[in-house]
Amino acid sequence: MNLSQKIKTITPSYTIGISTKVKALKSEGKSIIDLSIGEPDFFTPEKAKLEGIDAIARNESKYDMVPGLMALRKAIVQKLKTENNVSYDVADIVVSSGAKHAITNTLLATLDPGDEVIVPKPYWTSYPEMIKLCGGVPVLVDTQIENQFKLTIDELKSAITPKTKMLLINNPSNPTGAVYTMAELEPLVNLCIEKELFILADEIYERICYTDTFTSIPTLSPEAKAITILVNGLSKSVAMTGWRIGYTASSPEIAKAISTIQGHLVSHPSIVSQWAGAVALTDCLDDMSAMVSEYKLRRDLLVERLQKIKNVTFIQPDGAFYLFIDLSYFKDKFEAERSVSLKIGDDLLLQYNLAVVPGIAFGNDHCIRLSYATELSLVQEGLNRIETYLNQL
Ligand SMILES: Cc1ncc(COP(=O)(O)O)c(C=O)c1O
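J.: Quick one: what's the story with the layout of surface pockets, residue by residue and with numbers?
T.: Reported here for the largest pocket is a volume of approximately 880 Å³. If you list the elements that add at least two residues to the lining of the largest pocket, you get helix 2 (14–27), helix 5 (98–110) and helix 6 (127–133). When grouped by side-chain class, the residues that make up the lining of the largest pocket number 18 nonpolar, 13 polar and seven charged. Taken domain by domain, the makeup of the lining of the largest pocket includes at least three residues from each of domain 1 (5–43 + 286–391) and domain 2 (62–283). When its volume is computed, the second largest pocket comes out at roughly 190 Å³.

J.: Any details on the domain arrangement of the chain? Residues and values, ideally.
T.: Domain annotation for the chain reports domain 1 (5–43 + 286–391) and domain 2 (62–283). Domain 1 and domain 2 are separated by 25 Å when their C-alpha centres are compared. Counting from both sides, the interface comprises 36 residues of domain 1 and, opposite them, 34 residues of domain 2. Summing both partners gives a buried area of about 3,000 Å² for domain 1 against domain 2, and 62% of it is carried by carbon and sulfur. When residues of domain 1 are sorted by the area they lose upon contact with domain 2, Met-288, Ile-315 and Asp-318 head the list and together hold 23% of the total. At the boundary of domain 1 with domain 2, the tally comes to zero salt bridges. In this assembly, domain 1 and domain 2 are joined by 15 residue pairs in polar contact (both at pLDDT 80 or more). At the level of elements, helix 2, helix 12 (285–306) and strand 10 (322–326) are the ones that each hand at least two residues to the side of domain 1 that touches domain 2. With eight residues, the top contributor of residues to the side of domain 1 that touches domain 2 is helix 12. Across the side of domain 1 that touches domain 2, the residue classes tally to 18 nonpolar, ten polar and eight charged.

J.: Hey, could you go over the nonpolar core for me, with residue numbers and the actual values?
T.: Counting residues in hydrophobic clusters, the biggest one holds 62 residues, and the most contacted among them are Leu-107, Ile-325, Leu-348, Ile-368 and Leu-370. Among the domains, domain 1 (5–43 + 286–391) and domain 2 (62–283) are the pair contributing at least three residues each to this core. Not counting residues within four places of it along the chain, the set of residues in contact with Leu-370 comprises Leu-35, Phe-321, Tyr-322, Leu-323, Ile-325, Val-356, Leu-383 and Ile-386.

J.: Explain the site of the ligand to me, using residue names and the numbers behind them.
T.: Lining the immediate surroundings of the ligand are 13 residues, of which Ala-99, Asp-202, Ser-235, Lys-236 and Arg-244 lie closest. Note that an oxygen atom of the ligand is positioned 2.6 Å from one of the backbone N or O atoms of Ala-99. Note that a nitrogen atom of the ligand is positioned 2.6 Å from one of the side-chain N or O atoms of Asp-202. Look at the ligand: alone it shows 400 Å² of surface, and the protein chains cover 92% of it. Here the ligand is seated within the largest pocket. Top contributing element to the shell around the ligand by residue count: helix 5, with three residues.

J.: Tell me about the sheet that holds strand 10, residues and numbers included.
T.: The sheet built from four strands is open, its strands ordered 9-10-13-12 with antiparallel pairing. The outermost strands of the open sheet, each flanked by one partner alone, are strand 9 (313–314) and strand 12 (357–358). Pairing of strand 12 with strand 13 (residues 367–371) involves two bridges; the strand directions are antiparallel. The partner of Pro-358 across the bridge, within strand 13, is Ile-368.

J.: So what's going on with the environment of Thr-106? Which residues, and what values?
T.: Structurally, Thr-106 can be placed in helix 5. The exposure class assigned to Thr-106 is buried, which follows from its relative accessible area of 0%. With residues up to four places along the chain from it excluded, the contact list for Thr-106 reads Met-166, Leu-200, Ile-229, Thr-248 and Ile-258. At 2.7 Å, the side chain of Thr-106 and the backbone oxygen of Ala-102 are in polar contact.

J.: Residue-level account of helix 2, with values.
T.: Here helix 2 is 14 residues long and its end C-alpha atoms lie 20 Å apart, about the 20 Å a rise of 1.5 Å per residue gives. Looking at the buried side of helix 2, the elements it contacts are strand 1 (33–34), helix 13 (340–352), strand 11 (354–355) and strand 12. Phi for Gly-29, located one or two positions after helix 2, is positive at around 95°.

J.: Residue-level account of the pattern of salt bridges, with values.
T.: For the structure shown, the criterion picks out 22 salt bridges. Linking Glu-294 and Arg-298 is a salt bridge whose minimum nitrogen-to-oxygen distance equals 3.0 Å. Separated by four residues within a single helix, Glu-294 and Arg-298 lie in helix 12, roughly one turn from each other. With relative accessibility at 27%, the residue Glu-294 sits in the partly exposed group. Of the residues examined, Arg-298 reaches a relative accessible area of 4% and is grouped as buried. The partner of Arg-299 in a salt bridge is Asp-300, with the nearest N and O atoms 2.8 Å apart. The class of Asp-300 is partly exposed, set by a relative accessible area of 31%. Through salt bridges with shared partners, one network takes in Glu-51, Asp-54, Arg-58 and Glu-60.

Criteria and cut-off values
- Residues numbered from 1 in each chain as written.
- Predicted model: local features only at pLDDT ≥ 70, side-chain atom pairs only at ≥ 80, totals over all residues.
- Heavy atoms only, no water.
- 1 Å grid on protein atoms, 1.4 Å probe; cavity = no way out; pocket = protein on both sides within 12 Å on 5 of 7 lines; lining within 4 Å.
- Points joined across faces, edges and corners; volume = space filled by probe spheres on them.
- Helix = DSSP H or I, 4+ residues; strand = E, 2+ residues; numbered from the N terminus.
- Nonpolar A, V, L, I, M, F, W, Y, C, P; charged D, E, K, R; others polar.
- Domains from an automatic or database assignment.
- Contact = heavy atoms within 4.5 Å.
- Buried area = accessible area lost by both parts, 1.4 Å probe.
- Salt bridge = Lys/Arg side-chain N within 4 Å of Asp/Glu carboxyl O.
- Polar contact = N/O pair within 3.5 Å; in protein donor to acceptor, adjacent residues only side chain to side chain.
- Core = buried A, V, L, I, M, F, W, Y, C linked by side-chain atoms within 4.5 Å.
- Buried < 20%, exposed > 50% of the residue type's maximum accessible area, 1.4 Å probe, protein only.
- Near = heavy atom within 4 Å.
- Areas by Shrake-Rupley, 256 points an atom, 1.4 Å probe, with all protein chains shown as cover.
- Sits in = over half its atoms within 2 Å of the grid points.
- Pairing = 2+ DSSP bridges.
- Expected span 1.5 Å × (residues − 1).

Laid out in C-alpha cells, this is it:
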C-alpha cells in the first residue's frame, strides 16, 4: 500500500510512545510513577461540568456557527480584554478543537509549500511535525541555557532567510517553563514587524504563570497585534483537556481564512464542550487560581529539592508545569548510545519505574522533562529515583 510522501516525513510522537510503554508495564503489574504526561491532575471545575450536562439536557446538539458559539466567543473576547488588556472583536476569534487544532488551522491558512517557520529549541514536540504536515519547513534554532532557553534577537536575525514566513513562539514554554519578559519580547516582535513575518504566539500556558506580570504578544503594539495569531485554550488553564477547546485571536482577515479551512475539515468543536467552555471562562476563575497556586507550591518545593541533586542544571520554571533538567554532565557515560536522553528515559523507566520524556522529543538530547501536574509526593519520589540513578552512573 502506498501511503503519502507527507506521512513518511513525520516522526511518530515520542510522548505517545512513552505512554504505550507505560501502559504495557502497568499491564504486567508494575507500579510506574508517570511524570511524562502534560495534563493537569485536577478535574474540570464543577460549574463547567454542570453546564455541559445542562447543554445536553437542553438539546444543544445541532450544528452551529463554524468559528464557534457566540456565547463562547464573547467570553473569549471578554477574557482577552480583562485579563490580557487587548481588544478583539467576536469576528477575530475562531474556536477550534484544542490549541493543537488552532495551530494547525493557522499553519494551513498562512503557509505556502517551502515557507520557513522559525521555531526556537527546545520546542513543543508537535510543532515541527505540524509545520511539515502543512507544507512548511521548520527552522529549528538553538537557544542557550544561560538565556533560560529563550530566543535572543541575534539568534532570530541569523535564522531569517528570504523564505521565512513566521516565528512560532511558545510563552510560557513547554518544555522549559521559561517566560519571556516584555523587554525580551519587544526586539523579537519588532524585527518580525520590520521583516513582515507572522508571529504564531502559542500562549496556552499563559494563566499558569508565577511571575507578577505576563506579556501577551498582541498587547505590545497595534503593529504587533496585526501580525500575530494568538493561540490559547482551556486544556491547561481550566483542566479541560478532553473537552477539546482551543482558539485563535487574529486579524479578521486571518480569522476568516482559518474559519474557511475549519468549515471544510470539522465545522466546529463539540457544542456541548463550547457551552461548558463559556462557563469555564466566565464563572470558574477561582478554580483556575486555586490550581495555579497549587502548581506554584509544587514548583517551589521541587526547585528546592532539585538544587540538592549534584551535577544537574535546570532553569527555574516561571510558568507551565514542567521541569526541564539538563544532564549534560553525564553525557560521556553514554558515548556509545544513539541518543543520551532516550537511554536515560529507558533506564529510568525499566530500572526505576519512572516515566519522563527524553529531551530529544523537544530537540535537546541532554535533557529530560518531568511534569509536576501530578501529586507532589509522586514527583518528589521521582526526583529521589533520578538522584539514585545518577549517583550510580
Ligand atoms: C505548548 C503546547 N501547545 C499546544 C498544546 C495543545 O493543547 P490542546 O490540548 O489545547 O490541543 C499543548 C499540549 O500539550 C502544548 O504543550
